[in-house]
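Observations on the three-dimensional arrangement
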Amino acid sequence: MLDVEIIKDAVSLACRAPSLHNSQPWRWVRDRAGLQLLVDPSRAVHTDDTSREALISCGAALDHLRVALAAAGWRAVIERFPDPHNPAHLACITFERGAAVTGAQRRRADSILLRRTDRLPLAAPRNWAAVEALLAAELASGPVRLHTLPSAARSRLAEVSQFSEALRLYDGEYHAELDWWTAPFEVADGIPQSALISASESDRVDVGRVFPVTRAGQRRADLGEDQAAILVLSTPGDRPTDALGCGEALSTVLLQCAAAGLATCPLTHVTEVATSRAMVAALIGDGDDVVPQVLIRVGTAPAIENPPPPTPRHPVSEVLAIEVA
């Protein structure tokens, strides 16, 4: 068995993964079989009624764990959905000694702490052709497809984003939940006020979820309108296995971009509504079987600004249970 302190450190980094409204819907159990990952229904967002986004979040945490273990010299052997009678049991992870740790593995693990969701306007991504090619190569062998939205389709996607928000304009449950997850008091989950943007800043980001606004002012005024590239991660189906795998691919994209010095912002508001999700599928035009899961804005943030503090996370003691000595 892997030393428990290494497991705790790896789980701590895994839990830096992004999740819907920072809901952190994961639970870890270390037992004699290895390390178990389960979705925690008590952390579910009510409007995520199929738990699709919770599974995407858990998939991102699973890949973060793999990256953290690799940097510690261990290879994670992952069996996904090991118990057909328990759909909440997402993965069983066992461990093998890895080869010598490479500089690339260390940089990828370091990116876990560098990454954050940046909702402000972004400049165009630096060295984008090289980064885009690297991302495509990383995901080429898996079932998750990566699409870069063409510039000509940007205005249409902005309309789809606005349409998805308009469909929820009078959805009281949805807006009450947004208010809950962005409440201005100190807790270990949810989106802190420092991570939200003002109305004037939001007006310059044409594709983004509309959150309750803050009085942050007009940051990055010199950037003008958002110039981020927009990626779409899609799957051939919409099963739990697709959602979990998409989360793992999302982690790969976010960490690779962070390692390249780029800022990112995952977006799911347009894939939560069936009509706007179908519109996104039409925009990327990759056949009838494409199911958009997550969009990602990728751009360059000013290097001289002070980033806000990291969003809070539950302590490892609350999300990891140790069942064996």
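Described below are features of the structure shown in this document.

The rules behind the values
Residues numbered from 1 in each chain as written. Predicted model: local features only at pLDDT ≥ 70, side-chain atom pairs only at ≥ 80, totals over all residues. Heavy atoms only, no water. Pairing = 2+ DSSP bridges. Helix = DSSP H or I, 4+ residues; strand = E, 2+ residues; numbered from the N terminus. Axes fitted to C-alpha atoms, helices over the stretch in contact; angles between N-to-C directions. Contact = heavy atoms within 4.5 Å. Phe/Tyr/Trp six-rings, centres within 6.5 Å; stacked < 30°, edge-to-face > 60°. Lys NZ or Arg CZ within 6 Å of the ring centre and 35° of its normal. Buried < 20%, exposed > 50% of the residue type's maximum accessible area, 1.4 Å probe, protein only.

Right, let's talk about the sheet that holds strand β8 (residues 291-299) for a bit. Pairing in this open sheet of 4 strands is antiparallel, and the strands run β5-β6-β8-β7 from one edge to the other. A strand with exactly one partner marks an edge of an open sheet, and here the two such strands are β5 (145-148) and β7 (263-267). Neighbour-to-neighbour, the strand axes of this sheet turn through a mean angle of 25 degrees, independent of strand direction. One ladder, built from 7 bridges, connects strand β6 (residues 229-235) with β8; its direction is antiparallel. The partner of V232 across the bridge, within β8, is L295. Running at roughly 160 degrees to β5, helix α4 (residues 128-139) makes contact with β5, β6 and β8 of the sheet.

A separate point is the packing of aromatic side chains. Considering all chains together, one arrives at 0 aromatic pairs under this definition. The ring of Y174 has R168 lying over it, and the distance from NZ or CZ to the ring centre is 4.1 Å.

Below, the discussion takes up the sheet that holds strand β2 (residues 34-39). The mixed open sheet is built from 5 strands, whose spatial order is β3-β4-β2-β1-β9. The open sheet has two edge strands with one neighbour each: β3 (74-80) and β9 (320-322). Direction aside, the axes of adjacent strands within the sheet are offset by 25 degrees on average. When strand β1 (residues 26-31) meets β2, the two strands line up antiparallel, connected through 6 bridges. By the bridge assignment for β2, R30 is matched with L35.

Right, let's get into the environment of A243. Structurally, the position occupied by A243 is in helix α8 (residues 240-259). Residue class for A243 comes out buried when judged on its relative accessible area of 1%. Separated by 190 residues in the primary sequence, A243 and E53 have C-alpha atoms spaced 7.3 Å apart. When neighbours within four sequence positions are excluded, A243 is seen to be in contact with R52, L55 and I56.

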